[in-house]
Amino acid sequence: MSASPAVPQSPSPAAAPLHLAVALDGAGWHPAAWREPEARPKELFTARYWADLAAEAERGLLDLLTLEDGLSLQSDHPFEPDTRTDRIRGRLDAVLVAARIAPLTSHIGLVPTAITTHTEPFHLSKAVATLDFVSEGRAGLRVKVSGRNDEVRHFGRREPIALELEDLDSPASLAGLAELFGEAEDYVEVLRRLWDSWEDGAEIRDAATGRFIDREKLHYIDFEGPRFAVRGPSITPRPPQGQPLVASLAHRGEPFKLAGRSADLAFVTPRDPDDARAILAEVRAAQQAAGRGAETVHVFADLVVFLEERPGAAAERLARLNETAGAEYASDARIFAGTPAELADLLVEFAEAGLTGFRLRPGALPYDLERITRGLVPELQRRGLFRTAYEASTLRGLLGLPRPANRYATASATEPATEPATAAVGA
Amino acid sequence: MSNENSSGGDKPLKRIHLAAHFPGVNNTTVWSDPQAGSQIAFSSFAHLARTAERAKFDFLFLAEGLRLREQNGLIYDLDVVGRPDTFAVLAALAAVTDRLGLAGTINSTFNEPYEVARQFASLDHLSAGRSAWNVVTSWDAFTGENFRRGGFLREEDRYDRARQFLEASWQLFDSWRGDEVVADPVSGTFLGDPDAGRFAYRSSEFDIAGRFDVPRAPQGRPVIFQAGDSEQGREFAAASADAIFSRHGTLDAGKAFYTDVKGRLARYGREPGSLKILPAVTFVLGDTDADAREKAEVVRRQQVSGQTAIRLLEQVWNRDLSDHDPEGPLPAADPLIGEHTVAQGRASVRMNRDPLALAREWRALAEAKNLSIRDLVIEVSGRQSFVGTPARVAEEMNRFVQEDASDGFILAPHLTPGGLDEFADTVVPLLQERGVFRTEYEGSTLREHLDLPTARTTVPQEAI
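Each chain carries its own residue numbering, running from 1 in the written order of its sequence. Each chain takes a letter, starting from A, and each ligand takes a number, starting from 1, following the order in which they are written. pLDDT decides what is reported in this predicted model: residues at 70 or higher carry local features, side-chain atom pairs at 80 or more are listed and counted, and totals for whole chains, interfaces and linings draw on all residues regardless. Only heavy atoms go into the side-chain values, all of them from the structure, while hydrogens and water stay out.

In this structure, what is going on with the packing of aromatic side chains? I would like to understand it.
For any two aromatic rings, the description comes down to two numbers: the centre-to-centre distance and the angle of the planes. The criterion for an aromatic pair is that two Phe, Tyr or Trp rings (for Trp, the six-membered ring) have centres within 6.5 Å, with stacked assigned to planes under 30 degrees apart, edge-to-face to planes over 60 apart and tilted to the rest. In total, this model carries 27 aromatic pairs over all chains according to the counting rule given. Summarising the aromatic geometry, the rings of F110 of chain B and F147 of chain B are spaced 5.0 Å apart at their centres and angled 15° between planes, so their arrangement reads as stacked. Of this pair, F110 of chain B sits in the loop between β5 (101-107) and α3 (113-126) while F147 of chain B sits in the loop between α4 (141-144) and α5 (158-173), and the two are 37 residues apart along the sequence. Considered together, F110 of chain B and F147 of chain B belong to a single accessibility category, that of buried residues. For the pair F386 of chain B and F400 of chain B, a centre-to-centre distance of 5.2 Å together with 65° between the ring planes defines the contact as edge-to-face. Separated by 14 residues along the polypeptide, F386 of chain B in strand β16 (residues 386-388) and F400 of chain B in helix α13 (residues 390-402) bring together distant segments of the chain. Here F386 of chain B and F400 of chain B have matching classes, each one buried. Put simply, the rings of F87, F120, W133, F165 and F206 of chain B pair up and form one aromatic cluster. The side chain of R231 of chain A reaches across the aromatic face of Y220 of chain A, ending 3.9 Å from its centre. The residue whose ring lies beneath R361 of chain A is W29 of chain A, and the NZ or CZ to ring-centre distance is 4.6 Å. Strands are runs of DSSP state E lasting at least two residues, helices are runs of H or I lasting at least four, and both sets are numbered from the N terminus onward. Accessibility here uses a 1.4 Å probe with only protein chains present; expressed as a share of the type maximum, an area under 20% marks a residue as buried, one over 50% as exposed, and anything in between as partly exposed. Either the NZ atom of lysine or the CZ atom of arginine qualifies as a charge over a ring when it sits within 6 Å of the ring centre and within 35 degrees of the ring normal.

Written out as structure tokens, the structure reads:
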């Protein structure tokens, strides 16, 4: 640590600015959060609630917000339904919530969750492209597989999924995971091909020849996989970002592969900086193996956060919440309870492992979100580690990602000069 | 208040329902006009929605497409192509409007009930009770090539699936009564019923069970629209729909359709007012009736270019006619009959069941009136339903409704997105003066705007 008293005019080269995302779900991630005095549990199914949270996140200049989703009622059991009545149950479709708040925000990225196991990539592709049009370039999508057999029964059109919670490394579970994540990888490939299936400028409105579109700039994608085939082209023109952002959450082998092979942004759950290094190595290896070594794939660590200005107060609140819930809160992600300054220290320590940002899961909403935007963000800004104004109007722009070249565009095409016409031919 | 009742007698005046159709992907949209804007930018949707809400319309309607049309094996390039996702646009429009109903087409063939029901229930929550679902069916393998299950449905099975899809969706919507979310922080009870959302539905198309994850929406379920015109379609609507999006734009055809469909309701235990009949119509306004007729002619020729006329003729002739002069006579050869079709993804193609007879009829018409290909296509394809001064159009529309040719109209302007502005500013005030159209929204939900009965809560069907 430098002892220099000088005000940091610019961050040191080692301290690149951090990216910050917030993960919104229900009344926050602690199961008792809905019982807190500031919580608004009766408003979970109103647009105003989500619009207010998005506005707060945008006031804090966060890069993006994610919205959790699933195709079944929430459950405390990872693979089966429960019948608890003391926790939040019920959820609105995340893509629609994102679209509903898009016209009310202007800079923050909007990344709803969608399930690849039971939905149609053609529908999701146009929905997220539309979210990108509606938000003028701020759309993303977090893809998620479903390993739950109650969700299989909600759709009634595929065989039960063979995952054993007690032993995810059993041959049956590994085969099941490979199937689900292989399908997700195909799904993302179809999304990206459909977004590219219209070249930029395909709409020509040429009154002289009577043509509205140049059909030479529309492309069949002809995807064939074991679970589905999609002919294309999309019904929706190429969205403003070219390709909206694709994100995924990963905890282990198969999911790391999906993140490295298919995603622009991976959310991971390291316990400590060493764990983060090991995870990053796996994601980067998958990225290299997929021939994407030169592309930027962001890796953000997920942390559940409880924040208070007074030292020790956050831990007290967490203990109180645990008591209300009747059980100590456990999470797949590391749980942090402390002051914004302590969290800033922790983020710096994690970032040194090579992470490019963080997805913070507020323990309670809107309380901990406000501690992030009004406590953590100013702290990071003081250290020169976070933006003081939005520097780009698109989500890709905020994350420093280029607008992808269109894989189908021909070298001779006269494209708007946003990207060099060196599109790789699709895999 | 002396001239409003054109139907005479002591029958009370019916209130007119009005909706706006976002100009779709077909040759009724004039994209070549200098005033034509984007059909994909959100600002276009927001403009039309705000205009419709300013005029106190019942709802805005969005159509859907799931595969780009083809003709002669090539993507059709003459009309507006490219549209957004129905749900995402309607959800975004809920943010820029307060009362306007938000109606969209969602296909029952290439979707699954659990997902569609949670999308509509979500939209209804996010719009505080303004959602409507136009249930359509599809059967062609051509569209199916974009989906997991492909073209698996036989044409004759499509209404079976649609009916079962709706039944399954109602099971899902009604699996929450509406009082389950207690959210009492003191007692720690979030859900008042541990079985909230439980459902089971089994039929020839679906075998689903479990728990639905969206609590009961403000309208209970979305308002249901139906658009088919076949015998099966009419019966389906009489049994299940809240409104019909019909094609019958003339007074006599409208009356016949109205009488037929309303007459079917009793056998399902329904009142005539529980199903609204709303034809899709077009309009052209002018300072004088003659001026409007002249403008309408110009619009028709913009809608049907020479190339468009040839392509439309090809859809009946089922062969390549690109070497024909649109200003010349109809083809001497007869239409090709057989499995092969030059046009894919176009509903109208399927309706040309007897192309040989149609070609004979058109030849006779062209000969009698000395029409070129383009003139003929303009003559036989749809024309503007209401043409005239705002006063004339208001009077005509009111007459349609008071004489039971419809309960109102879904207006499809030919310009995106400003095509409704003049109507909102000139015709709507005249309808309001006549006391046949609202001057303020009385209710907050679309079901209230349409004077529809509250959605019934069905008793969940036992698992079979």
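The rest of the description comes next.
What's the story with the domain arrangement of chain B in this structure? I'm lost.
Think of interface size as the accessible area that goes away when the parts come together; that is how it is often given. Residue and element names in this part refer to chain B. What marks off one domain from the next here is an automatic or database domain assignment. With domains assigned, chain B is organised as domain 1 (17-285 + 384-450) and domain 2 (305-380). One C-alpha centre belongs to domain 1, the other to domain 2; they are set 32 Å apart. Contacts between the two partners involve 14 residues from domain 1, matched on the other side by 14 residues from domain 2. Buried area, as used here, totals the accessible surface that two parts lose on assembly, with accessibility defined by a 1.4 Å probe and the loss added over both. Summing both sides of the interface, domain 1 and domain 2 together bury roughly 1400 Å²; the carbon and sulfur share of this comes to 42%. The salt bridge definition used is simple: a Lys or Arg side-chain nitrogen within 4 Å of an Asp or Glu carboxyl oxygen. Inspection of the region where domain 1 meets domain 2 yields 1 salt bridge. For R311, the salt bridge identified is with D77, shortest N-O distance 3.4 Å. What qualifies as a polar contact is a pair of N or O atoms within 3.5 Å, subject to a donor-acceptor requirement within protein and to the restriction that residues adjacent in sequence count only when both atoms come from side chains. Taken together, the links from domain 1 to domain 2 amount to 7 residue pairs in polar contact (both at pLDDT 80 or more). When its residues are assigned to classes, the side of domain 1 that touches domain 2 shows 4 nonpolar, 4 polar and 6 charged. Note on contacts: a residue pair is in contact if any heavy atoms of the two residues lie within 4.5 Å. Amino acid classes used here: Ala, Val, Leu, Ile, Met, Phe, Trp, Tyr, Cys and Pro are nonpolar; Asp, Glu, Lys and Arg are charged; the rest, including Gly, are polar.

Sorry, what's going on with the packing of helix α5 (residues 171-196) of chain A against helix α6 (residues 253-262) of chain A here?
Axis angle and axis distance: for two packed helices, these are the angle between their axes and the distance between the axes, and together they describe the pair. Residues and elements named next belong to chain A. Here, axes are lines fitted to C-alpha atoms. For helices the fit covers the stretch in contact, and angles between N-to-C directions go from 0 to 180 degrees. Contact geometry of α5 with α6 gives a least axis separation of 10 Å together with a crossing angle of 15°. Looking at the two axes, α5 sits roughly parallel to α6. The crossing of α5 and α6 is right-handed. The segment α5 lies against α6, with L177, A178, F181, A184, E185, V188 and R192 engaging E254, P255, L258, R261 and S262. The residue makeup of the contact of α5 with α6, split by class, is 7 nonpolar, 1 polar and 4 charged. Orientation is classified from the angle alone, with under 35 degrees giving roughly parallel, over 145 giving roughly antiparallel, 65 to 115 giving roughly perpendicular, and any other angle giving oblique. Take the far helix as your reference; a near helix turned counterclockwise from it by less than a right angle gives a left-handed crossing, and one turned clockwise gives a right-handed crossing.

Which parts of the structure should I look at to understand the sheet that holds strand β4 (residues 74-75) of chain B?
Sheet strands pair via backbone hydrogen bonds, and the direction of the pair is either parallel or antiparallel. Residue and element names in this part refer to chain B. Spatially, the 3 strands line up as an open sheet ordered β4-β3-β15, and their pairing is antiparallel. Looking along the sheet, the strands with just one partner apiece sit at the ends: β4 and β15 (343-344). Whether two strands pair comes down to DSSP finding at least two bridges between them. Judged from the 2 bridges that link them, strand β3 (residues 70-71) and β4 form a sheet pairing that is antiparallel. The residue of β4 that forms the bridge with Q71 is L74.

Even after reading the chapter, I still don't get the interface of chain B and chain A, so can you show me in this structure?
At the junction of the two partners, chain B supplies 77 residues and chain A supplies 75 residues. For the pairing of chain B and chain A, the buried interface totals around 6500 Å² over both sides, and the portion due to carbon and sulfur atoms is 60%. Summed over the shared surface of chain B and chain A, the result is 7 salt bridges. As a salt-bridge pair, R157 of chain A and E112 of chain B come within 2.8 Å of each other at their nearest N and O atoms. At the junction of chain B with chain A, the criterion picks out 38 residue pairs in polar contact (both at pLDDT 80 or more). Split by residue class, the side of chain B that touches chain A holds 42 nonpolar, 15 polar and 20 charged.

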